[in-house]
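# Overview (structure and organization)
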Amino acid sequence: MRHRRVARLLLVLQGVAVAVPVPSLADWNFSGSNTVRVDSYRIRGDERHSPYGQEGTFITNDIDLSLSGDLAPGQTLKFDFAGTVTDSPYRSDHTGLVPEAMRLSYDNATAGLPFRVDLGDQNVQFSELTLNRTLKAARLTVRPNSGSDGRSYWASTVIGSDGQQWRDFDPEENLYYGLSVGMQDQRLGTYSFNLVHHSESGLEGLPSLSQWAASLTGQRQFDIAGQDLNVRGELAYLHGDSAATRHLSAGERPDSGYGVYVQIDGRSQSRPVDYRLRYDRYSDGLGPGGSSALAGSEALLLEGGWRSERDVELRGRLQRSRTELGSANPITTDSAAVSLSGPLIPGDRQKVRGRLDLSRQQRESADDSVSVLAQTAQGSLIITHGARHQ
């Protein structure tokens, strides 16, 4: 019976091989590497005080493979694999073949509706406040024809899991699924709408988590009064369990939250000056699992820099942040930093370079139970020798 099943499978694979045209091997790029390591551990004396838990000789073969090519004009396939074959408990919790990162991508730019499919490990960046994580996921992205020069649309849907290993993959432990749609226009800017659901099973005494996060993002470039400006921001809303307050009792946990940030990056058209201004405000109930935003916080940042024709650079940074805003004792942190760097020998800018960094940070709570002042000063010299001394 088993041999019959194998024969049927071979016939099916043969039919697929006949039905799907395989491009010439000359159209494909293949690269790879493997590193074999042998480790031996021997313990003498009291094993309880040894940093190594197991004795023995172990073999590890780390493997990296990459295959890419065109199935047809405008149709690209790429596969990447990284993993190991090992019996060493110091390399992996598993033995045998242990996949660590795998990704298969297929891009079809000639279809009536151009699309891309990504399977496996991938960085999913919907937005800062909804989903920005590396997931083991399946993602489909379509790019409809806008019919207008300088304008493009996209829609991307994803389902995947975070913090998982391929050998014990359980997507329900930390599952994301979501949708992102947007437009990019050379004149009007880039805008998107994002909707993400995140669920996580309870662990270490914490309850399970289920939340929806939605956001609107925008980004546009301006040319005002001799300044090149890039303005971007996001407005987000979360409904459900906040990752930041899941440790609280059910009656104390908020069931919704909001977040907003605005950032302006600028550069002078006539002077070697650049600068950034950013404001963030996140309520106690925000806490999306797919974002690193700090719930219950507010921050204002100003930083900038100047570089002279002689390669001297001066940079500065001012920031005020407030955390634990939902508590009776919020904490305010004021920080300032300045750095100066440049060549110390005018005739040779790379021979000897110096750098000086100064910083100051003061952290205080509303009731003065926390009051910390930290000041630092650091200097360095970089000396570049001639080729005969390197």
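Residues numbered from 1 in each chain as written. Predicted model: local features only at pLDDT ≥ 70, side-chain atom pairs only at ≥ 80, totals over all residues. Heavy atoms only, no water.

## As for the overall build of the protein
Looking only at helices and strands, the protein has one helix and 18 strands in total. For the protein, the C-alpha radius of gyration of 27 Å lies well beyond 21 Å, the compact-globule estimate for 390 residues. Expressed as lengths along the three principal axes of its C-alpha atoms, the size of the protein is roughly 75 × 75 × 65 Å. Looking at the protein as a whole, 32% of its 390 residues are labelled buried. Partitioning the intrachain contacts of the protein with sequence separation of at least 6 by distance along the chain shows that 48% fall at a separation of at least 24. Within the structure as shown, the protein displays about 24200 Å² of accessible surface, and the carbon and sulfur contribution to it stands at 55%. A gap of 5 Å separates the mean positions of the 41 positive and 47 negative side-chain charges of the protein. (Helix = DSSP H or I, 4+ residues; strand = E, 2+ residues; numbered from the N terminus. Rg over C-alpha atoms; globule rule 2.2 N^0.38 Å. Buried < 20%, exposed > 50% of the residue type's maximum accessible area, 1.4 Å probe, protein only. Contact = heavy atoms within 4.5 Å. Areas by Shrake-Rupley, 256 points an atom, 1.4 Å probe, with all protein chains shown as cover. Lys, Arg positive; Asp, Glu negative; His and termini not counted. Charge placed at Lys NZ, Arg CZ, Asp CG, Glu CD.)

## Some thoughts on the side chain of Thr130
By secondary structure assignment, the location of Thr130 is in the loop between β5 (115-127) and β6 (131-142). There is a polar contact of 2.5 Å between the side chain of Thr130 and the side chain of Ser127. Not counting residues up to four positions away in its chain, the partners in contact with Thr130 are Asn194, Val196, Ala213, Ala214, Ser215, Glu234, Gly290 and Ser291. (Polar contact = N/O pair within 3.5 Å; in protein donor to acceptor, adjacent residues only side chain to side chain.)

## Section: the environment of Gly316
Checked against the element boundaries, Gly316 lands in strand β15 (residues 313-323). In contact with Gly316, other than residues within four places in its own chain, are Leu302, Glu303, Gly304, Ala337 and Val338.

## Details of the confidence of the model for the protein
Of all residues in the protein, 92% have pLDDT values of 70 or greater, and the mean over the chain is 88. Overall, residues 1-22 carries pLDDT values under 50, and its contacts beyond four positions in sequence, including any with other chains, amount to zero contacts. (pLDDT = per-residue confidence, 0-100.)

## Thoughts on the layout of surface pockets
Over the atoms, a rolling probe the size of a water molecule traces out where space has been left empty. Taken as a whole, the largest pocket spans an internal volume of roughly 450 Å³. Together, 20 residues line the largest pocket, and Gln125, Phe126, Ser127, Trp154 and Ser192 are the ones closest to its centre. Where the lining of the largest pocket is concerned, the elements lending two or more residues are β5, β6, β7 (151-161), β8 (174-185), β9 (189-200), β10 (209-224) and β11 (227-240). Of the residues assigned to the lining of the largest pocket, the class counts are four nonpolar, 12 polar and four charged. Taken as a whole, the second largest pocket spans an internal volume of roughly 310 Å³. Every element with two or more residues in the lining of the second largest pocket is listed here: β13 (273-282), β14 (297-307) and β15. Here the residues of the lining of the second largest pocket are counted per class, giving seven nonpolar, seven polar and six charged. (1 Å grid on protein atoms, 1.4 Å probe; cavity = no way out; pocket = protein on both sides within 12 Å on 5 of 7 lines; lining within 4 Å. Points joined across faces, edges and corners; volume = space filled by probe spheres on them. Nonpolar A, V, L, I, M, F, W, Y, C, P; charged D, E, K, R; others polar.)

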